[in-house]
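What follows is each chain in one-letter form.
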Amino acid sequence: MSIDFVSIPSEEDEQKTLVEWLMWHRIRFCHVPNGGYRTKREGAKFKRLGVQKGMVDILIFDPPPAYPDNVGVAIELKRRKGGRVTAEQSAWLNDLKDRGWVVAVCRGAMEAIRFLQELGFGGRT
């Protein structure tokens, strides 16, 4: 069975949708732009500046309304089909969870939005 990746939105498009939702609901978040291709020189510079492999895609700094004792939320976003979590991403997710963050790997923007709604996000303030 083959997967038709043409009809499945890219991870970038999924993230744009999620970012629009987060902004609409005025949720404090950021994306750490670790992805993409860089020259060796740029890579070395970013490494010296603290960029680390596997950082999750979205960090939400507001505690989840349904779980206010947690620090925030970390989401690793993947395409709806395909994509894999790397060992470095798993390590970040585990470390953040150990430090009081709610963490998830979500396949697509809609899965991420449903997850955030389950945590109590989405009521526009």
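Small disclaimer: the values here were computed from a predicted structure and weren't measured.

Draft legend 1. Structural view of the overall build of the protein. A tally of helices and strands in the protein yields four helices and four strands. Along its sequence from the N terminus, the protein presents helices and strands in the succession α-β-α-β-β-α-β-α. Rg of the C-alpha trace for the protein: 15 Å, near the compact-globule value of 14 Å for 125 residues, within the 12% margin. With the principal axes as the frame, the protein shows a C-alpha extent of 45 × 40 × 25 Å. Burial analysis of the protein (125 residues in total) assigns 33% to the buried set. Within the protein, contacts between residues separated by at least 24 positions form 71% of all contacts whose residues are at least 6 apart in sequence.

Draft legend 2. A look at the packing of helix α1 (residues 11-24) against helix α4 (residues 109-118). Two numbers describe how α1 lies on α4: the axes approach to 8 Å, and their chain directions differ by 30°. Taken as axis vectors, α1 and α4 run roughly parallel relative to one another. Of the two elements, α1 crosses α4, and the hand of that crossing is right-handed. Here α1 contributes Glu14, Thr17, Leu18, Trp21 and Leu22 to the contact with α4, which in turn contributes Ala109, Ala112, Ile113, Leu116 and Gln117. Its residues assigned to classes, the contact of α1 with α4 shows seven nonpolar, two polar and one charged.

Draft legend 3. Expanded view of the confidence of the model for the protein. Model confidence for the protein is summarised by a mean pLDDT of 90, while 93% of its residues fall at 70 or above. The weakest mean pLDDT in the protein belongs to helix α2 (residues 40-48) at 86; the strongest belongs to strand β2 (residues 58-60) at 98.

Rules and cut-offs
Residues numbered from 1 in each chain as written. Predicted model: local features only at pLDDT ≥ 70, side-chain atom pairs only at ≥ 80, totals over all residues. Heavy atoms only, no water. Helix = DSSP H or I, 4+ residues; strand = E, 2+ residues; numbered from the N terminus. Rg over C-alpha atoms; globule rule 2.2 N^0.38 Å. Buried < 20%, exposed > 50% of the residue type's maximum accessible area, 1.4 Å probe, protein only. Contact = heavy atoms within 4.5 Å. Axes fitted to C-alpha atoms, helices over the stretch in contact; angles between N-to-C directions. Parallel < 35°, antiparallel > 145°, perpendicular 65-115°, else oblique. Left-handed = near helix turned anticlockwise from the far one by under 90°. Nonpolar A, V, L, I, M, F, W, Y, C, P; charged D, E, K, R; others polar. pLDDT = per-residue confidence, 0-100.

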